[in-house]
Amino acid sequence: MSDETRPEGAARAAGAPGDGHGRTAAVIPAAGRGVRLGPGAPKALRTLGGTPMLIHAVRAMARSRAVSLVVVVAPSDGAAEVRNLLAEHALPERTDVLVVPGGETRQESVRLGLDALPAGYTSVLVHDAARPLVPVDTVDAVVEALREGAPAVVPALPLADTVKEVEPRPAGEPEPVVATPERSRLRAVQTPQGFDLDTLLRAHEKTAVNGEGATDDAGMVEKLGVTVLLVPGHEEAFKVTRPLDLVLAEAVLARRRATDAY
Ligand code: CTP
Ligand code: MG
């Protein structure tokens, strides 16, 4: 796509599919158990404000006019349940949804989602079901940077905490510090991470699953020697990981309801 054929201004940011760019799909890995959240249903099926986290995440992707297909990667024994949930919750007309069963690691689940993409998609957003509250402006910022030619785009925020590299020891034991990276040069990355589809497929083909697998798609792309671009992330795109994150997510939803933000 050349610059001359691109419409000017805001409409360019996240126009409808078929506006001259290749089509964009979103893959949502949602097959994790949520061990750190504690006992209960798989994390993506837990509710926030009465609605499953996964439905919030699907809606967050579908809110972007650029996204014409959402592929949900469900817990391996939960694809039927996820299909039922999606049937119960309305999505915009323009958005198609596919459900596929996931794998043992996030990396495998993303790969299974990519494998399910029909022909005709040239860009993909990979978005954690565990980040249910990402604002559409963040999604659109990633899409826009892709459309401007970046092969890999990641939303990110500066860190509040200073970070130490350590010599890891079993949980609970004291750990010796190895180094203290300069905080101002560090960023915490979020999702959706956006990619040129061929680039991400290449990265997944080249990266063997080791241990718990890659927790970040962009990291796999970096290993190809491809430059990953960071755009500003958003506080509300935080990942629901531990019980306190559920409290924060409910508070964000309550504030949105009070201010009619969505
Ligand atoms: N994920 C997945 N398949 C897996 C593991 C994780 O699709 N085998 C997804 C999760 O559902 C989540 C995202 O990857 O949306 C980010 O992972 P994380 O926050 O670690 O979720 P869980 O793995 O479910 O949580 P935990 O690590 O605490 O078990
Ligand atoms: Mg995990």
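In the block above lies the structure referred to throughout.
Residues numbered from 1 in each chain as written. Chains lettered and ligands numbered in written order. Predicted model: local features only at pLDDT ≥ 70, side-chain atom pairs only at ≥ 80, totals over all residues. Heavy atoms only, no water.

**Q** What is the right way to read the pattern of salt bridges from this model?
**A** Any two side chains of opposite charge can pair, given that their charged atoms come close. Scanning all chains against the criterion turns up six salt bridges. For Arg255, the salt bridge goes to Glu236, with nearest N and O atoms at 2.5 Å. Here Arg255, found in helix H7 (residues 243-259), pairs with Glu236, found in the loop between strand S12 (229-232) and H7; they are 19 residues apart in sequence, far enough to count as distant. With relative accessibility at 12%, the residue Glu236 sits in the buried group. Salt bridges here are not isolated pairs; linked through shared partners, they connect Arg106, Asp128, Arg131 and Asp217. (Salt bridge = Lys/Arg side-chain N within 4 Å of Asp/Glu carboxyl O. Helix = DSSP H or I, 4+ residues; strand = E, 2+ residues; numbered from the N terminus. Buried < 20%, exposed > 50% of the residue type's maximum accessible area, 1.4 Å probe, protein only.)

**Q** Before we go on, may I ask you to explain the nonpolar core in this structure?
**A** Across soluble globular proteins, you tend to see nonpolar side chains buried next to one another. Residues Ile28, Leu54, Met61, Val70, Val72, Val82 and Leu125 are the most contacted members of the largest nonpolar core, which totals 33 residues. No other element matches the six residues that helix H1 (residues 53-62) contributes to this core. With sequence-adjacent residues up to four places away left out, Val82 is seen in contact with Leu45, Leu54, Val72, Ala74, Pro75 and Val99. By size, the runner-up hydrophobic cluster in this structure holds 25 residues, among which are Val27, Val110, Tyr121 and Val226. (Core = buried A, V, L, I, M, F, W, Y, C linked by side-chain atoms within 4.5 Å. Contact = heavy atoms within 4.5 Å.)

**Q** Would you mind showing me how to read the site of ligand 1 here?
**A** Not every one of the 18 residues close to ligand 1 is listed here, only the nearest: Pro29, Ala31, Val35, Ser109 and Lys239. The contact in question runs from an oxygen atom of ligand 1 to an N or O atom on the backbone of Val35, over 2.7 Å. A distance of 3.0 Å is found between an oxygen atom of ligand 1 and a side-chain nitrogen or oxygen belonging to Lys43. Here ligand 1 occupies the largest pocket. In terms of residue class, the shell around ligand 1 is made up of six nonpolar, five polar and seven charged. (Near = heavy atom within 4 Å. Polar contact = N/O pair within 3.5 Å; in protein donor to acceptor, adjacent residues only side chain to side chain. 1 Å grid on protein atoms, 1.4 Å probe; cavity = no way out; pocket = protein on both sides within 12 Å on 5 of 7 lines; lining within 4 Å. Sits in = over half its atoms within 2 Å of the grid points. Nonpolar A, V, L, I, M, F, W, Y, C, P; charged D, E, K, R; others polar.)

**Q** Is there a simple way to explain the environment of Arg147 in this structure?
**A** Here Arg147 lies in helix H4 (residues 136-147). Along the backbone, Arg147 and Pro176 are 29 residues apart, and their C-alpha atoms lie at a distance of 45 Å.

**Q** Would you mind showing me how to read the environment of Val82 here?
**A** Inspection of the secondary structure puts Val82 in helix H2 (residues 79-88). Given the relative accessible area of 0%, Val82 is considered buried. Considering only alpha carbons, one finds Val82 and Pro232, 150 residues apart in sequence, at a separation of 31 Å.

**Q** Sorry, what's going on with the pairing of strand S4 (residues 67-74) here?
**A** Each regular strand displays side chains that alternate between the two surfaces of the sheet. The buried count for S4 comes to eight of eight residues, which makes it a mostly enclosed element. When strand S1 (residues 23-29) meets S4, the two strands line up parallel, connected through six bridges. For Val27, the partnering residue across the bridge sits in S4 and is Val71. In terms of strand pairing, S4 meets strand S5 (residues 96-101) through six bridges, oriented parallel. Each bridged residue has a counterpart across the sheet, and for Val70 the counterpart in S5 is Val97. With respect to chirality, the unit in which S4 leads through H2 into the neighbouring parallel S5 is right-handed. (Pairing = 2+ DSSP bridges. Right-handed = clockwise from strand over helix to strand, strands pointing away.)

**Q** Would you take a moment to explain the packing of helix H3 (residues 106-115) against helix H5 (residues 197-206) for this structure?
**A** The contact between H3 and H5 brings their axes to 11 Å, and the two run at 135°. It follows that H3 is oblique to H5 by the angle criterion. In this structure, H3 crosses over H5, and the sense of that crossing is left-handed. Across from Gln107, Val110, Arg111 and Leu114 in H3, the residues of H5 making contact are Leu197, Leu200, Leu201, His204 and Glu205. Its residues assigned to classes, the contact of H3 with H5 comprises five nonpolar, two polar and two charged. (Axes fitted to C-alpha atoms, helices over the stretch in contact; angles between N-to-C directions. Parallel < 35°, antiparallel > 145°, perpendicular 65-115°, else oblique. Left-handed = near helix turned anticlockwise from the far one by under 90°.)

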